[in-house]
Amino acid sequence: MTRSTLEAAVAANHELFMQTSERIEAVLAEHGLTLATAQALWAIDPDQAPPSMKTLAGRLYCNAPNLSFVMNQLTDRGLVERFAAPADRRSRVVALTDDGRRVRSAVIEATLALTPFARLGDDELRQLVDLLGKALDPAGEVV
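Computed from a predicted structure; not experimentally measured.

### Quick notes on unusual backbone geometry
The backbone phi angle of Y61 is positive, close to 55°, even though this residue is not glycine. One can find Y61 in the loop between helix 4 (53-60) and helix 5 (64-76). For Y61, a relative accessible area of 78% translates into the label exposed.

Here you go:
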């Protein structure tokens, strides 16, 4: 792979992110969300146990103060609740409220409908998922 090919791939990834962000801007505004708060909602899977703040910070690639700022916004909006973890009272976990589940679902549906990836067919999407999985594989980290 040449540097120009790698650069083209990185540029295309950035463009996809920017286009998707722009396309969902109105949906986020409708729900009073920023891109950061929407990403945080997406990172909380309602079908799994509530994540700890530490786990959520890892999923969002942010530090504790930034996550606290985002969680304060979501808590103030009534979209999430924070409470002590049942297994370790020193740890705080984050759970979606009913309204949080509803807003999360609306944001995900809008994102899936508006992403440029929606133009791709099932076979192309499977191939893309495989390639992205390979790029994201921690065992293949670039040193």
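### Here's the deal with the pairing of strand 2 (residues 92-96)
Across a regular strand the side chains alternate sides, sitting on one face of the sheet and then on the other. The buried count for strand 2 comes to four of five residues, which makes it a mostly enclosed element. Pairing between strand 1 (residues 80-84) and strand 2: five bridges, direction antiparallel. The residue bridging V80 from the neighbouring strand is L96, located in strand 2.

### Observations concerning helix 6 (residues 98-114)
The end-to-end C-alpha distance of helix 6, which contains 17 residues, comes to 24 Å, matching closely the 24 Å that a straight helix rising 1.5 Å per residue would cover. Residues of helix 6 that are buried: G100, V103, R104, V107, I108, A110 and T111. For helix 6, the arc enclosing every buried residue in end-on projection is 165°, short of the 170-degree limit, so these residues lie on one face. In helix 6, the exposed positions angled more than 90 degrees off the buried face are occupied by D98, E109 and A113. Among the structural elements, helix 1 (3-23), helix 2 (25-30), helix 3 (35-42) and strand 2 are those in contact with the buried residues of helix 6.

### Describing the nonpolar core
Residues L33, L41, L56, M71, L74, V80 and V94 are the most contacted members of the largest nonpolar core, which totals 21 residues. Those elements that place two or more of their residues in this core are helix 3, helix 4, helix 5, strand 2 and helix 6. Looking at this core element by element, the count peaks at four residues for helix 5. Excluding residues that lie within four positions of it along the chain, L56 makes contacts with A40, A43, I44, P51, L67, M71 and V94.

### So, the packing of helix 3 against helix 5
It is at 10 Å that the axes of helix 3 and helix 5 come closest, and there the two elements cross at 80°. Regarding the angle of helix 3 to helix 5, the classification is roughly perpendicular. Every residue of helix 5 that contacts helix 3 at A36, T37, A40 and L41 is listed here: V70, M71, Q73 and L74. In terms of residue class, the contact of helix 3 with helix 5 is made up of six nonpolar, two polar and no charged.

Conventions we followed
Residues numbered from 1 in each chain as written. Predicted model: local features only at pLDDT ≥ 70, side-chain atom pairs only at ≥ 80, totals over all residues. Heavy atoms only, no water. Helix = DSSP H or I, 4+ residues; strand = E, 2+ residues; numbered from the N terminus. Buried < 20%, exposed > 50% of the residue type's maximum accessible area, 1.4 Å probe, protein only. Pairing = 2+ DSSP bridges. Expected span 1.5 Å × (residues − 1). Arc of directions from axis to C-beta. Contact = heavy atoms within 4.5 Å. Core = buried A, V, L, I, M, F, W, Y, C linked by side-chain atoms within 4.5 Å. Axes fitted to C-alpha atoms, helices over the stretch in contact; angles between N-to-C directions. Parallel < 35°, antiparallel > 145°, perpendicular 65-115°, else oblique. Nonpolar A, V, L, I, M, F, W, Y, C, P; charged D, E, K, R; others polar.

From the geometry alone we can't say anything about function, so treat these as descriptive.
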